[in-house]
Amino acid sequence: MTGDIEMKLLNFLRAAVLAVSGCALSAGAQTFPGKTVSLAVPYPPGGSGDYMARLIQPGYQKQLGQTVIVENVSGASGALAAQKVLTAPPDGHTQLLGTPMDLMLGPLALSAVKHKPEDFRLAGMISTGSLVLLIPGGIPAHNIDEFIAWAKGRKSISYGSTGHGSLFHLVGEKFASVTGLQMVNVPYKGGSQFFADIVGGQVDMAFWTLSGPVLGLVKQGRLRAIGITAREAHPDLPDVLPMHKHALLKDFTFDLWMGALVTKSTPEPIVAAIHRAMAEVVQLPNVKKGIVETGAQTVKPMNQAQLDKFYADENDRYRELARSINLQRQ
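## What about the packing of helix 4 (residues 100-109) against helix 11 (residues 304-324)?
For any two helices packed against each other, one specifies the crossing angle of their axes together with the interaxial distance. Their axes nearest at 10 Å, the elements helix 4 and helix 11 cross at an angle of 40 degrees. Relative to helix 11, the element helix 4 lies oblique. Once helix 4 is placed against helix 11, the crossing between them reads as right-handed. On helix 11, the residues that touch Pro 100, Leu 103, Met 104, Leu 105 and Leu 108 of helix 4 are Tyr 311, Glu 314, Asn 315, Tyr 318, Arg 319 and Ala 322. In terms of residue class, the contact of helix 4 with helix 11 is made up of eight nonpolar, one polar and two charged.

## Observations concerning the sheet that holds strand 9 (residues 223-228)
Spatially, the five strands line up as an open sheet ordered 7-6-8-5-9, and their pairing is mixed. If you trace the sheet from one side to the other, it starts and ends with strand 7 (183-187) and strand 9, each paired once. Taking the axes of each pair of neighbouring strands and ignoring which way they run, one obtains an average angle of 30 degrees across the sheet. Judged from the four bridges that link them, strand 5 (residues 131-136) and strand 8 (residues 205-209) form a sheet pairing that is antiparallel. Residue pairing for strand 8: Leu 134 is matched across the bridge by Ala 206. Packing against the sheet, helix 6 (residues 167-179) makes contact with strand 5, strand 6 (157-161), strand 7 and strand 8, and its axis sits at approximately 135 degrees to strand 8. Where helix 7 (residues 191-199) meets the sheet, its contacts fall on strand 5, strand 6, strand 8 and strand 9, and the angle it forms with strand 8 comes to roughly 140 degrees.

## Considering the pairing of strand 5
Regular strands show a simple pattern: their side chains alternate between the two faces of the sheet. With six of six residues buried, strand 5 lies mostly within the body of the structure. Of the two faces of strand 5, the one carrying Leu 131, Leu 133 and Ile 135 and the one carrying Val 132, Leu 134 and Pro 136 are both buried.

## A look at the layout of surface pockets
Leftover empty space is mapped by rolling, across the atoms, a probe with the size of a water molecule. As a volume, the largest pocket reaches approximately 1,300 Å³. In this structure, the largest pocket is lined by 50 residues; those nearest its centre are Tyr 43, Ser 48, Met 101, Thr 162 and Phe 168. Secondary structure elements with two or more residues in the lining of the largest pocket: helix 2 (48-64), helix 4, helix 7 and strand 8. Looking at side-chain class alone, the lining of the largest pocket contains 21 nonpolar, 26 polar and three charged residues. Taken as a whole, the second largest pocket holds about 570 Å³ of empty space. Taken together, 21 residues form the lining of the second largest pocket, with Thr 128, Arg 231, Asp 255, Thr 298 and Lys 300 sitting closest to its centre.

## Let's talk about the packing of helix 6 against helix 11
In contact at an axis separation of 9 Å, helix 6 and helix 11 are set at 55 degrees when each is read in the N-to-C sense. Relative to helix 11, the element helix 6 lies oblique. Considering only the axes of helix 6 and helix 11, their crossing is left-handed. Only Tyr 318, Leu 321, Ala 322 and Ser 324 of helix 11 make contact with helix 6, whose side of the interface consists of Leu 167, Leu 170 and Lys 174. Among the residues forming the contact of helix 6 with helix 11, the class breakdown is five nonpolar, one polar and one charged.

## Let's talk about the pattern of salt bridges
With the rule as written, the count across this model stands at 10 salt bridges. Residues Glu 268 and Arg 121 are paired through a salt bridge, measuring 2.7 Å at the closest nitrogen-oxygen approach. Note that Glu 268 is positioned in helix 9 (residues 268-281) and Arg 121 in strand 4 (residues 120-127), a separation of 147 residues in sequence. The partner of Glu 320 in a salt bridge is Arg 323, with the nearest N and O atoms 2.5 Å apart.

## Concerning the nonpolar core
Inside soluble globular proteins, nonpolar side chains tend to come together where they are buried. In this structure, Leu 96, Leu 134, Phe 147, Phe 175, Met 205 and Phe 207 are the most contacted members of the largest nonpolar core, which totals 74 residues. Among residues more than four places away in sequence, those in contact with Leu 96 are Ala 40, Pro 42, Ala 81, Ala 82, Val 85, Leu 103, Phe 120, Gly 259, Ala 260 and Leu 261. One finds Met 258, Val 262, Met 278 and Ala 296 within the second-largest nonpolar core, a separate group that totals 29 residues.

## A word on the environment of Val 68
Note that Val 68 resides in strand 2 (residues 68-72). In this view, Val 68 contacts Val 37, Leu 39, Gln 57, Tyr 60 and Gln 61; residues no more than four positions away in its chain are not counted.

About the thresholds
- Residues numbered from 1 in each chain as written.
- Predicted model: local features only at pLDDT ≥ 70, side-chain atom pairs only at ≥ 80, totals over all residues.
- Heavy atoms only, no water.
- Axes fitted to C-alpha atoms, helices over the stretch in contact; angles between N-to-C directions.
- Helix = DSSP H or I, 4+ residues; strand = E, 2+ residues; numbered from the N terminus.
- Parallel < 35°, antiparallel > 145°, perpendicular 65-115°, else oblique.
- Left-handed = near helix turned anticlockwise from the far one by under 90°.
- Contact = heavy atoms within 4.5 Å.
- Nonpolar A, V, L, I, M, F, W, Y, C, P; charged D, E, K, R; others polar.
- Pairing = 2+ DSSP bridges.
- Buried < 20%, exposed > 50% of the residue type's maximum accessible area, 1.4 Å probe, protein only.
- 1 Å grid on protein atoms, 1.4 Å probe; cavity = no way out; pocket = protein on both sides within 12 Å on 5 of 7 lines; lining within 4 Å.
- Points joined across faces, edges and corners; volume = space filled by probe spheres on them.
- Salt bridge = Lys/Arg side-chain N within 4 Å of Asp/Glu carboxyl O.
- Core = buried A, V, L, I, M, F, W, Y, C linked by side-chain atoms within 4.5 Å.

Have a look at this one:
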């Protein structure tokens, strides 16, 4: 009898603890956002990530009914911004505007990066973009086959990237492994020197985002786009072949998306609130127009379960990419 009483008391206490915890989470969700919301951007002012954050800021602020600020926390391949979010309370007031480069590739490539993709949860998508295979206009090749044939006539060729572990680097190495070309990575700290070098023929190729001066240089004939890592042709380059349609490159699809992320332990109601607000913001006409003007594309709506699956699949895909080229951490 005494044992039965003790068991009933224990069950009562457990139920009480769960009820109190549930109320605390509910109260936390009801007060979100209860103060200024910070968007941590892993890039310096003036870049495409900063532009995207400031593009969505007014609409996001209106949807949340609270002040939203953009904080540029650049450095360590996105690790500083990620750490800022991870060390903040998991209440949704500090969010990361992240991409696969800082969330997934940084931890795979750099030993100084301590966070894991699984530390975060993708709460809202903002945009997606693909990489274009660019070559100097002076190279006598107008498609992938012609370029491979041209490159095989040389001891090695060079390709530009933004450094070890960047998506530009990994996709370049994957292209080398699939085609059998001898390729040397030339890292750049900024776009201005890269564009000067590739236009001038100092580097032979690069995978680069369709942003900044790229489209103009292609239309002027100073650069040639001979492939894109998208599933479908890009509206601005309708004649450029999606690379996965080439016989050698069946799995060559890579997207450089951007989204709003929170820590994994953020309560579900807060994640849902962020998801709803961001879904409304990216449908605003001025936001859609601004996204397209960068060369990126707007995203199809996804519910939270679809976002969770998308994020997990992307994480698996980039891990496999790193494994396939034997990426070494530095």
